[in-house]
Amino acid sequence: MKIGDLSKRTQTQVETIRYYEHEGLLPEPERTESNYRIYGEVHAERLAFIRHCRSLDMTLDEIRQLLRFKDDPASDCGDVNALLDAHIGHVADRIRELRALEKQLKSLRERCCDAQLAANCGILGALSRPTDDKDSRESPKSHVHKSHLAVAGNG
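Note that the coordinates shown come from a computational prediction; the quantities given were computed from them, not determined experimentally.

Considering the overall build of the protein chain
A count of helical and extended segments in the protein chain gives eight helices and two strands. Going residue by residue from the N terminus, the α and β elements of the protein chain occur as α-α-β-β-α-α-α-α-α-α. Out of the 155 residues in the protein chain, the part that is buried amounts to 27%. Here the protein chain has roughly 10,800 Å² of accessible surface; of this, 53% comes from carbon and sulfur atoms.

Topic: the confidence of the model for the protein chain
Any region with low pLDDT has predicted coordinates that should not be read closely. Averaged over every residue, the pLDDT of the protein chain is 87; residues scoring 70 or more account for 85%. When the elements of the protein chain are averaged for pLDDT, helix 8 (residues 146-152) gives the smallest value, 49, and helix 3 (residues 41-55) the largest, 97. Counting contacts from residues 137-144, a segment whose pLDDT is below 50, to residues more than four positions away or on other chains yields 14 contacts. In this model, residues 150-155 is a region of pLDDT below 50 whose contacts with residues beyond four sequence positions or in other chains number seven contacts.

Examining the side chain of Thr12
If you trace the backbone, Thr12 turns up in the loop between helix 1 (3-10) and helix 2 (14-22). Residue classification places Thr12 among the buried residues on the basis of a relative accessible area of 3%. At 3.1 Å, the side chain of Thr12 and the side chain of Thr10 are in polar contact. Every residue in contact with Thr12, bar those within four places of it in the chain, is listed here: Ser7, Ile17, Leu47 and Arg51.

What counts and what doesn't
- Sequence order as written defines residue numbering, which begins from 1 separately in each chain.
- Given that the model is predicted, a residue must reach a pLDDT of at least 70 before its local features are reported, and side-chain atom pairs must reach 80 or more before they are shown or counted; all residues, however, enter totals for whole chains, interfaces and linings.
- Only heavy atoms go into the side-chain values, all of them from the structure, while hydrogens and water stay out.
- For the purposes of this entry, the term helix denotes a DSSP run of H or I that reaches at least four residues, the term strand denotes a run of E that reaches at least two, and both are numbered from the N terminus.
- Note on classification: 1.4 Å probe, protein chains only; a residue is buried when its accessible area is under 20% of the maximum for its type, exposed when over 50%, partly exposed between these limits.
- We get accessible surface area from the Shrake-Rupley algorithm with a probe of 1.4 Å; when it comes to residues, only the shown protein chains can shield them.
- How sure the predictor is of each residue is captured by pLDDT, a score from 0 to 100.
- Note on contacts: a residue pair qualifies if any of its non-hydrogen atoms lie within 4.5 Å across the two residues.
- Each polar contact in these results corresponds to two N or O atoms within 3.5 Å; when the atoms are within protein, one needs to be able to donate a hydrogen and the other to accept it, and residues that are neighboring in sequence are counted only if both atoms are side-chain atoms.

As structure tokens, this is what we get:
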């Protein structure tokens, strides 16, 4: 099948398929005489595996490691267990970050209970003041997965 067919079949954008190829997650497809990429069932199955891992918020490095084990079925899966345990830790960290973010947002929301002039809005006023050291240590600064970024880079 051509890349467009694989894209439709797996509901994956063509650019994403090419990116996974570039990253070495998908094997290079064979090419026709006119240089079109031809994908097979192996590509569709591997892409389904990658997409399932991504739906579990796994990084490309984590997926790459899992694929190495998948490609070597005779290997011991103890490292697979360790990788999943580490990923569970990342998820737990993210949940803590999101709970802290929710607490911070609720606290901010309590600063303005009624609709009024924007000049008197407690939320806008609070957002205009710099955060103190306590806030920046205890509260997440962004929606970026800090626990994953430190380990895996982009994903």
